[in-house]
Amino acid sequence: MSVTDHSRRPSLGFSDFGSDDEEHVDTHGGDYSARMGELFDDEDEPPVHGTHAKLDDEDDDEGEAFVYDGADAAVSHASYRQQMRDVLGDEDEDDEDVVEEREVEHSLLHGHPPIGIVVEDEAPKTVGAVTALALSHDHTFVAAGHATGHIQLFDLSKPQVSARSVPPTTLAAVASGRKEGHIQGSRIVNIGFVAGRHTAVVTADQTGLAFYHSLGKALFFEASDVLRILGKYPDEEIHVPGQLPFHRRRARRANTILAMAPLPLGTVPHPTDAYNVTALLTAVKIVIVGLKPSPKTWYRKHRDEDDEQMGKAKFRGALAWFPSVVPGAPPGSMKLEPAKKVNGKGIVKPPPTTPMLLYSWGPTLRLLLVSELKTSEKVTNQRTGKTTTIEVGRLVLEEKARWRAQDNVCALQWLNANQILAVTASGLEVYDVHTHALVEHVHFDPTSLISPTISHTINGAFSYSDAMGDIAHSVRTYKGKIFLLGRYEVQVGTLLTWADRILSFVEDGDFLNAIDLTRSYYLGTAPGNRNGLPDDPQELKKVVGEKMRELMVASTRYAFSEERMTDATHRTPDGRGVDRTSLFENLVATCARACIALGDFEFLFEDLFQAYDDAGIAQIYLEQLETFILEHDVHTVDPRIAQRLIAMHAAHGRADRAERVIWHIDPACLDIDQAVQLCQAHRLYDALIYVYTRAMRDYVAPVVEMLGLIRRVMQLRRAGTTDEETLEPVIVNAYKVYPYLADVLSGLTYPSEEPLDEDEATEAKRDLYTFLFHGRSSTWPRGDGGKLVLTAEEDGGLEPTYPYCRLLLRFDAEAFLHALDLAFEDAYLNDEDAGGASRLVIVKILLEILASSSASTAPPSAALPPGAATFVHIFVARNVPKYPQFIQMPPSVLHGLLVGLAADADGSTREDRQLAAEYLLSAYTPHEADALLPLFEAAGFWRILRAWHRQEAQWAPLLRAHLRDPAVRAPELFASAHEILATASAAAGGALPGALAETLAGALPEFLAASAVETARFVDAHAPHLHEPALVALGDDAPARFAYLRCLLGPPSHEEEPAHAGAGPSPRVPPALRAAYVALLCDLEPGGVIPALAHLPPDYLDWDATLDTCEARGARDAVVPRAALAKADAFNARLATTLGGLLARGAEGSGDGEGEEEARRCVESLEAVGRAGVAVCVERSNAHDEPPDAPVEDLWFALLHAQIGAVQAVSACCPPPPSADTSADAPPPPALSALRALVQQTFAALVSASAARGRARVSFARLFARLVGSAARSPRGGTPYTEFRAVLRGMLEAYRGEGDALALARRLLARDVFAVSEAAARARGRGWAPRAGACGACRRALVPVRDAVGEGGGGGEGVVVLRSGAVFHAGCVPAEVVAAAAAVGQPV
C-alpha cells in the first residue's frame, strides 16, 4: 500500500503489492458513491436526477463535491527507474484520476479556504459539540449529530444556516406519547443519509437508541417524522438541563450500538434500493431493517456464545456496505457497457452486482448478500369482488462467508467489489471477499488515529482501551484510495498495481527482484492482490510476458552500461574497486528463470550471452547456466554455448563436470566430435554412451567399447597384474555394460532411465540382440570402415562360438543374467518374428555355451568360471515356469537342470539354487524322484524335501527334514512337529506309527537342544512313554532336568502363555519322575517347595516319601504344614543345637568362613520353619470351626514353645559377656537377635489373627503361663529371666502396635464419617429435587393449570418431595410413605 500524508512524508507502506487505478477500474467496477438518482418519490421531497435535491428554500445552483483521491508517488532521480517507466508504459499520464490525485495533493499541501458552517439560530453551548458527521450521496449536504442529542442538516451551498434541525426530547415528552427522539444529553454516535434523499437520515446515540428522521416542511414550517427503529428509552434522564453532563463509570450495556450504516446507492438501480435498508450492529446482535414501503425488520442474528466470551473483543464491531455496481464501469459513471450481441440473436447487458454487507465481531468477519425475491399473490377487491394478481417483494439476506482476521477488527471499508480493508488492533489488512485470503498486510498502530470518545475517558464514561479502539469514523475509502484521519496528519494510501510494485524495486536499484516479481505474476504465484492484471489467463500472460521481456532487455543494457562501471553500487569492502561478480551471476540466473517461465530462450542464448561474451566474462554466464542444465530446467541449449561450456570444463581439468553436462543436454545440441574425443580421452563412459545412443542412435557401439574394456581386464589378469590402481578404474567402467544392457533391452535410456520412443526402442533391441547372440565375431560399425570385434585374450587367438555373450558370462555371469532377467519381462521378446530373438533361443544359446565350455577341445577363451554354470542353471530354472508359453524344453533338459542345481557344492548359493529348483518343480514333475531325493538331501534342499514328504505322507522323513533344516527355528519346529504327529496319528486311527515313534525317540536330543520345556510339552502330548528317555538324554544337567519336570508338574509362571497357564500337573508323568522333581525342587529352589507342593493334588505324591525327601534335603519348612507342627519342635531343637555349636566354636576362635555360612543357613532354616508354622496357625485361627483334635491355642503354644526352646538353646551356647558392668549394653549375637525377632513376629501374627477373627480363641495369660511352666519342666533347664522378659516385651509391643493401628483407623473413619455427614446435611438443607414434573401417583402436573372456568386440576394443597426424588401431590402420597414417616416421628 502506498500512503501519503499532508507533509509529503511517507508514514507507512503496505507489504508488497497493490493495484493501479486505471486497471482497478476495469477489473472491479464503479464507485458506489457517485450515483445521482433516487429510487423512490416522497411527498415532501421531489425526486433527484443528476443533481442534489432542492428543498423548499433551496436555490437551483448545482455544485460538484471535491473528492480526495490520494497523492502521487515521488519521482525517482535514477535513470534506470526512468527506463523502467518507459518499459512499463505511461498509460496514466493523462488519466483523470492522476489529475485528481495531484489536485488532492495540492489541496492537502496548500489547503483551500474552509467552508464555515455557523449556527446562528441556536447557541453553540446549547447544541453542543459535533460527535457524528455524514455526507449525502451527491456530496451537497452534511448531517451533523451533537453531544447533546441535536441533529442538524446543512446545505453546502448555503452553510451559514442549517437547512433542517431536530432537537432532542425528554423522557416526560416520550412518556406522554407526544414526541419520539433522542433524549436530551444523549451523544449521537452514528448518522447517515438514507439512500438518495437529503432530508432523510438515521441516527444512533450512546444509549443504544436508533431513529429514522424524515425531515420535511409544510407551509414553511418544519414537519419532521421520527421513527424509533432500535433500542428502548433509559429509565432516567441523562443529565439535568442547563448543566454539563456527568457520567459515572459503569459497565457498557449489551445494547450499545457499535456501528450503523444505511445501504448507499450504487452506480445502477437495484431492487433493494426501494427498501431503504439500514444495518445496525450491537455487542450481541445485528439487525437489518427496511424503512420502505413500511418499516420492517428483515434480518436479526444473535452473536455466538463463544464470541461473547472474548473479553475485550465483546465491544469490537464494525460494518460496511457495498452497493450494486456495473462490472467494468469506471468510478462515478452511470453508463453501462456497450451492449453485446450473442450469436447475433439478442442483446445481453451485464448484470449488476448484488449488494453486500460485511460486518465483524471481534476478529470474526461475516459476509451477507442482500437481494429481493418476488412472489405472486392474489388480492381481492372488497368493493368490486375482483381478484387480481400482484407481485410482492421481500428482502432475502444470505450469509455467504465467514472467516477470521489476525486480530480484533476496529474498522471496515470496501476498496472495491472484491477487496475489503480491515483496520485491526495490530495493522491494516486487505482480504479478498471471495477467497477469504489475506491479500495484503502491514503493521499499523490504530491508536494514532482520532477517536471521538477519547475525551470521555476523563470522567469515566469510557475505558481508555475502548476509546482508543473507536476509530471507525477516522477510516474512509474512495475510488480505491484509503484515507486515515490521524491526530496530526491525514494519510492517503492505495493498493499498488503490479507495475508500481515492480517500480518500487527499480527505484531501489534492485532490477533482479523486479524481474523475479514479474515472473511470479506471469506464473500466478505472486502473493497479494492481482489488481491491474487481466482476469483472462492468456491475456495476463501476454501482457506480463511482454513486460518481462522488455525488463530483461533494459536490465541487461543498464548492467553493461558505462555508468555501472564507475558507480559505487558494487565496491568491495576492502577498497579494491568495483566487484560486480555477484551482479552478473544473479543476472544470468534471473533471466534464465524468466525465460524458462516464458518458454522462450532466444534472449538468454543470443542477446544475454553476446553481452557477456563481448565483456569477456562468458565464464560467469556458462557457470550459472550449467546449474539450470543439471537441474533439468534447461534441456535444449544453443550448440555454440554447449560447445563453449564443455570446452571450458575440459580446459580446467573438470572432466566429471563435463560428463554431467553432456548427458543432461539435448544430444542435438552437442558437437559430436568434441564430445566423443573428450569422453574417450578422459574415460567418461556415461557421457560416451549418451552421445552414442542419443546423438548417433548407435546402441551397439557402447557395448563394443565396454567389451574392449572387459577384454583388457582379462588380459591384465592373465598377465598377473595385481595393481589395483590400474585395474580398478577399468573394472568400474567395464561393469557399466550390464546396467546399460538392462536399461536398453527394457526400452529405457541410460543412465537417466527415461522411456525410449517405441520405434527407437525396437530398433535398439533388435541391434543389441543380433550383436550379442551372434554365433561368430562381427565387425562394427557395419559397412566400410568397420573393425572386427575380438574377444580372445591373446592376439590372434581362436575366437569361440557366441563370443560376446560368452565374454559377458565369463566376466560376471550373475550381473549379465540379471540384465537378461529384466529384459525377459519386456514384451519385445513375445513376438519371435519381429527381430529374430526370443526367450527360447536365448535359453538354448546359454545352454549351448554351457555345454561347449566344458568340452576338451574348447579354446581357453571359451572356458567359463565355476560359478557361471550355477547362475545359468538358476536363470533357466526360474524362467521356464515363468514363461511356459514361450520357453518349452524337453524333460531330459529339465531333469539335467535339477541335477545340476542339486549337484553344486557351493554353500553360498544353496538358497538361490533351492529357490530355482522350487520354481522348476512347479512346472515339471520328475519321473525319477527317488534318485533325486538323495541329491536334494546332500544339497540341503530341505524345503523341497518337506513339501515332497508331506505330499507323499512320509511322516518320519518329514520330521527328520524339519529337524535337519537350519532355517527352521524352535517355535516353527515344535509347531510343525505337533502338526505332523497329530496328522499321522489321525491317519493311523489314533495310534502313533511305529516308524514315526522310532524317529521321535532318536530325535529327542535334537528336540531337547532346541527347547527342553517345549520338548516336555510335546512328548507329554504325543509320546508320554518317552519322558524317562528324555531325562536320560539330558544326563547330569540338573537345571535342564528340573525345567523339563517343572513344565509338567510345577505351578504356572508369569511368563507362560495363557494356553499353558491353566493346565494342572500332568497325570502321565511316572511316579519316579515325580519324586525326582521333588528332589530337584528342594535342591534348586528350596524357597518354592511349599507353593509347588500346594499346586499338586493330595493323592499325586507319596507324601511320606516326599516329606522324608524334603527333610533330608533341608526343605524343613515344607514338612511343617503337612506334619501340623508335630516336627516343628524337633526341627527347631536340631537346628538350634547345630547353630549353638557353630556359635560356640566361633567364640572359641576355631570357626572359619564355612562355619559362618552354615550358621547363616541354619538361621534361614529356623526362620523358614517359623514362617511355615505361623501360616499353619493363622489358617487354623481363621477357620470357622475349630477342630477338636488340634485346638488353636495348642497350635500356637506348640509353635511358640519350639521357638522359645530354640532361643534357649542358642542363648545357652553363646559366650557370657566379659564383665557384669557391660552385660546390659553388650549387643547379642546376630543369630540370637534373629531368633528373638522371629518370636516377636509370631506374637504379632497371633495378635493380628485374633483381631481379624473378632473373638479371641487364645488366652494370652493362659498361653504365657503354659509357656513359663513348660520352660520350667524342660530337661534343658528353665529359661532365664531375660529371655522371658524379651518374650513378654514382644507380646506387649505386639498389643501396642495393634492398638496404635486401631486408634489411627478410628480417627480416619471418624473424619470420613464427619465429612459425609456434613455433605448430607448441606444437601438436606437445600432440599431434594424431583425427578419429574408430574405427580408419581396421579400422573398430573404438579403446578395446577387454570382452565377456561378458572379451576385447576390436581391437588392444590401442596407438593411432597421424597429423598429418593419421587414427587407427589400432598393428597396423593402413598399410605406406606405416610406410615414410614409416622414411625420415625416425622410428618410428611
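All of these numbers come straight from a predicted model, not from anything done at the bench.

Peer 1: Help me understand the sheet that holds strand β3 (residues 141-146) in this model?
Peer 2: In any sheet, the strands associate via hydrogen bonds between backbone groups, in a parallel or an antiparallel arrangement. Sheet architecture is open: four strands sit in the order β2-β3-β4-β5, paired in antiparallel fashion. The open sheet is flanked by β2 (130-135) and β5 (162-166), the only strands paired with a single partner. Across the sheet, the axes of successive neighbouring strands diverge by a mean angle of 20°, strand direction being ignored. In this sheet, β5 lies alongside strand β4 (residues 151-155) in antiparallel orientation, the contact comprising four bridges. Each bridged residue has a counterpart across the sheet, and for L153 the counterpart in β5 is R164.

Peer 1: When you look at the pairing of β3 in this model, what are you seeing that I'm missing?
Peer 2: Working note: regular strand, side chains alternate between the two faces of the sheet. Here β3 lies mainly inside the structure; six of its six residues are buried. Bridge analysis of β2 against β3 gives five bridges, and the strand direction is antiparallel. For A132, the partnering residue across the bridge sits in β3 and is G145. Hairpin geometry of β2 and β3 is characterised by an intervening segment of five residues between the two adjacent antiparallel strands and by a positive phi of about 65° at H139. Strand direction decides the pairing type here: β3 and β4, joined by five bridges, are antiparallel. Bridged to A144 within β4 is Q152.

Peer 1: Could you clarify how one ought to interpret the packing of aromatic side chains in this entry?
Peer 2: Aromatic ring pairs: the centre-centre distance and the angle between the two ring planes describe each pair. In this structure the tally under the stated criterion is 27 aromatic pairs. Note on W403 and Y431: the rings are 6.1 Å apart at their centroids and 50° apart in plane angle, and the pair reads as tilted. Here the residue W403 occupies a position in strand β19 (residues 387-404), and Y431 occupies one in strand β22 (residues 427-432), the gap between them amounting to 28 residues. Ring pairing ties together the aromatic residues F560, F584, F609, Y612 and Y621, which thus form one cluster. The positively charged end of R1074 is found above the aromatic ring belonging to Y1100, 3.8 Å away from the centroid.

Peer 1: Would you mind showing me how to read the packing of helix α10 (residues 537-559) against helix α13 (residues 602-614) here?
Peer 2: Each pair of packed helices gets described by two things: the angle between the helix axes and the distance between those axes. Direction vectors running N to C along α10 and α13 enclose 10°, while the axes themselves pass 10 Å from each other. In terms of orientation, α10 and α13 fall into the roughly parallel class. Touching M552, V553 and T556 of α10 are F603, L608 and A611, all from α13. Each residue belonging to the contact of α10 with α13 can be placed in one class, and the counts come to five nonpolar, one polar and no charged.

Peer 1: I'm lost on a negative patch on the surface in this one. Help?
Peer 2: On the surface, a cluster of negative charge is made up of D723, E724, E725 and E728. Looking at where E724 falls in the secondary structure, it is placed in helix α20 (residues 724-734).

Peer 1: Just checking my understanding: could you explain the sheet that holds strand β14 (residues 317-322) for this structure?
Peer 2: Taking strand neighbours across the sheet as the criterion, the four strands line up as β14-β17-β18-β19 in an open arrangement whose pairing is antiparallel. Strand pairing shows two members of the sheet lacking a second neighbour, β14 and β19, which therefore form its edges. Taken pair by pair, the neighbouring strands of this sheet meet at an average axis angle of 20°, ignoring direction. Across six bridges, β14 lies against strand β17 (residues 356-361) in antiparallel orientation.

Peer 1: How should I be thinking about unusual backbone geometry in this particular structure?
Peer 2: Note on backbone geometry: most residues besides glycine have negative phi, and most peptide bonds are trans. Residues K292 and P293 are joined by a peptide bond in cis, for which omega reads -10°. With respect to the helices, strands and loops of the structure, P293 is situated in the loop between β12 (285-290) and β13 (296-302). The omega torsion of the bond from Y750 to P751 falls at 5°, within 30 degrees of zero and hence cis. Take P751: it is sitting in the loop between α21 (737-745) and α22 (758-772). Although it is not a glycine, N276 adopts a positive phi angle of roughly 50°. With respect to the helices, strands and loops of the structure, N276 is situated in the loop between β10 (257-262) and β11 (277-282). We note that A953 has phi near 55°; this positive angle belongs to a residue other than glycine. Note on placement: A953 falls in the loop between α30 (942-951) and α31 (955-964). Note on A953: relative accessible area 41%, which makes it partly exposed.

Rules used in this analysis
Residues numbered from 1 in each chain as written. Predicted model: local features only at pLDDT ≥ 70, side-chain atom pairs only at ≥ 80, totals over all residues. Heavy atoms only, no water. Pairing = 2+ DSSP bridges. Helix = DSSP H or I, 4+ residues; strand = E, 2+ residues; numbered from the N terminus. Axes fitted to C-alpha atoms, helices over the stretch in contact; angles between N-to-C directions. Buried < 20%, exposed > 50% of the residue type's maximum accessible area, 1.4 Å probe, protein only. Phe/Tyr/Trp six-rings, centres within 6.5 Å; stacked < 30°, edge-to-face > 60°. Lys NZ or Arg CZ within 6 Å of the ring centre and 35° of its normal. Parallel < 35°, antiparallel > 145°, perpendicular 65-115°, else oblique. Contact = heavy atoms within 4.5 Å. Nonpolar A, V, L, I, M, F, W, Y, C, P; charged D, E, K, R; others polar. Patch = residues over 30% accessible without salt bridge, like charges linked within 9 Å, V, L, I, M, F, W, Y side chains within 5 Å. Areas by Shrake-Rupley, 256 points an atom, 1.4 Å probe, with all protein chains shown as cover. Salt bridge = Lys/Arg side-chain N within 4 Å of Asp/Glu carboxyl O. Lys, Arg positive; Asp, Glu negative; His and termini not counted. Charge placed at Lys NZ, Arg CZ, Asp CG, Glu CD.

Limitation: the analysis is restricted to geometry and does not speak to function.
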